[in-house]
Amino acid sequence: MIVFDLVCEFDHEFEGWFKNASDFESQQTTGLLTCPMCGTDNVIKVPSVSHINFGKKEKQLAELIEIQQNAETLSNKITEYVTNNFEDVGEEFAEVSKKMHYGEEDERNIFGSATLEDALELHEEGIDVIPLPSTKKDKLN
Ligand SMILES: [Zn+2]
């Protein structure tokens, strides 16, 4: 186990537990690492001491991390399934959903991005859309 002191773009400091340094790297680069206070994935390691912990809580922490990683694996699998089986319509998601609903376009599996407002509007028109676990986003915005 390694614990890193982390800080987000808004200067929230928190600790992150990782199996090893590359585990941290991969979570950081895929945007899985988010600030517990504001949720941004723009998180960096505070340049300070990292250490390995062999304390009593190690087992619990290991279990916790495993549970967390299983959840991440599951969300990655869902994302992978959708990516392979659905057409990516990107920003046009709400538009294409409506067109399919009103028969202007062929019904098919699609995915894309929609704002909360878009989703509510679709729901009001009787079109059900399912939110997906968030996937990687652009780092800087
Ligand atoms: Zn934050």
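Relevant structure appears above.
Scope of this entry: the structure provided in the associated data block. (Residues numbered from 1 in each chain as written. Predicted model: local features only at pLDDT ≥ 70, side-chain atom pairs only at ≥ 80, totals over all residues. Heavy atoms only, no water.)

## A look at the side chain of glutamine 27
To keep things clear, this is the line we draw: We count a stretch as a helix when DSSP gives it H or I for four or more residues in a row; a strand needs E for two or more, and each element gets its number in order from the N terminus. Two residues form a contact once any of their heavy atoms are found within 4.5 Å.
You can see glutamine 27 is positioned in helix α1 (residues 21-29). Those residues in contact with glutamine 27, other than ones at most four positions away along the chain, are Phe18, Leu32, Leu33, Gln68, Gln69 and Glu72.

## As for the pairing of strand β5 (residues 87-90)
We count it as follows: Strands pair, by our definition, only if DSSP identifies at least two bridges between them. Seen with the strands pointing away from the viewer, any crossover whose path from the first strand over the helix to the second strand runs clockwise is right-handed.
Where β5 lies against strand β6 (residues 110-112), three bridges are found, and the strand directions are parallel. When the sheet's bridge partners are listed, glycine 90 is paired in β6 with glycine 112. As for the winding sense of the linkage, the β-α-β connection from β5 through helix α3 (residues 93-101) to β6 is right-handed.

## Some thoughts on unusual backbone geometry
A positive phi is found at aspartate 11, a non-glycine position, where the angle reads about 65 degrees. Along the chain, the position of aspartate 11 falls in the loop between β1 (2-8) and β2 (13-18).

## Focus on the coordination of the zinc ion
We apply this condition: The rule for donors is simple: N, O or S, within 2.8 Å of the metal, or within 3.2 Å if the metal is Na, K or Ca. Water isn't counted, so a site may look like it is missing partners. Between 85 and 135 degrees for all angles marks four donors as tetrahedral; over 155 degrees for opposite donors together with 65 to 115 for all other angles marks four donors as square planar and six as octahedral; every other arrangement is irregular. Accessibility here uses a 1.4 Å probe with only protein chains present; expressed as a share of the type maximum, an area under 20% marks a residue as buried, one over 50% as exposed, and anything in between as partly exposed.
Note on the zinc ion: its protein donors are Cys8 (SG), His12 (ND1), Cys35 (SG) and Cys38 (SG). The metal-donor distances range over 2.0 to 2.3 Å. Bound by four donor atoms, the zinc ion shows angles of 104 to 114 degrees at the metal and therefore tetrahedral coordination geometry. The sequence motif formed by the donor residues of the zinc ion is C-x3-H-x22-C-x2-C. Judged by its relative accessible area of 4%, cysteine 8 falls in the buried class.

## As for the pattern of salt bridges
In plain terms, the rule: Each salt bridge in this description consists of a side-chain nitrogen of Lys or Arg and a carboxyl oxygen of Asp or Glu lying within 4 Å of one another.
Throughout the structure, instances matching the rule amount to three salt bridges. With a shortest N-O distance of 2.6 Å, glutamate 87 and arginine 108 are connected by a salt bridge. Pair noted here: glutamate 87 is in strand β5 and arginine 108 is in the loop between α3 and β6, with a separation of 21 residues, a long-range link. Between lysine 98 and glutamate 121 there is a salt bridge, with the nearest N and O atoms lying 2.7 Å from each other. Of this pair, lysine 98 sits in helix α3 while glutamate 121 sits in helix α4 (residues 116-124), and the two are 23 residues apart along the sequence. For glutamate 121, a relative accessible area of 34% puts it in the partly exposed group. Residues participating in the shared-partner salt-bridge network are Glu87, Glu105 and Arg108.

## Concerning the nonpolar core
Quick reminder of the rule: The nonpolar core is taken to be a set of buried Ala, Val, Leu, Ile, Met, Phe, Trp, Tyr and Cys residues, with the residues joined through side-chain atoms within 4.5 Å.
Listed in full, the ten residues of the largest apolar core are Ile2, Phe4, Leu6, Cys8, Phe14, Phe18, Phe24, Leu33, Cys35 and Val43. Only β1 and β2 provide two or more residues apiece to this core. Counting residues per element, this core draws most heavily on β1, which supplies four residues. Val96, Ile110, Leu122 and Ile127 belong to the second largest nonpolar core, which has eight residues in total.

## A closer look at the side chain of glutamine 28
Counted only if it meets this: Polar contacts, as counted here, are pairs of nitrogen or oxygen atoms within 3.5 Å of one another; within protein the pair requires one atom able to donate a hydrogen and one able to accept it, and residues that are adjacent in sequence qualify only if both atoms are side-chain atoms.
Along the chain, glutamine 28 turns up in helix α1. Its relative accessible area of 19% is what places glutamine 28 among the buried residues. Among the polar contacts made by the side chain of glutamine 28, one reaches the main-chain carbonyl oxygen of valine 43 at a distance of 2.7 Å.

## Some remarks on the packing of α3 against α4
Worth spelling out the cut-off: To define axes, lines are fitted to C-alpha atoms, for helices over the stretch in contact only, and angles between the resulting N-to-C directions are given on a 0 to 180 degree scale. Each angle receives one of four descriptions, namely roughly parallel if under 35 degrees, roughly antiparallel if over 145, roughly perpendicular if within 65 to 115, and oblique otherwise. Nonpolar residues are Ala, Val, Leu, Ile, Met, Phe, Trp, Tyr, Cys and Pro. Charged residues are Asp, Glu, Lys and Arg, and all others, Gly as well, are polar.
Where α3 contacts α4, the two axes come as close as 10 Å, and the packing angle between them is 10 degrees. Overall, the two elements α3 and α4 adopt an arrangement that is roughly parallel. Here α3 contributes Phe93, Ala94, Ser97 and Lys98 to the contact with α4, which in turn contributes Asp118, Glu121 and Leu122. When its residues are assigned to classes, the contact of α3 with α4 shows three nonpolar, one polar and three charged.

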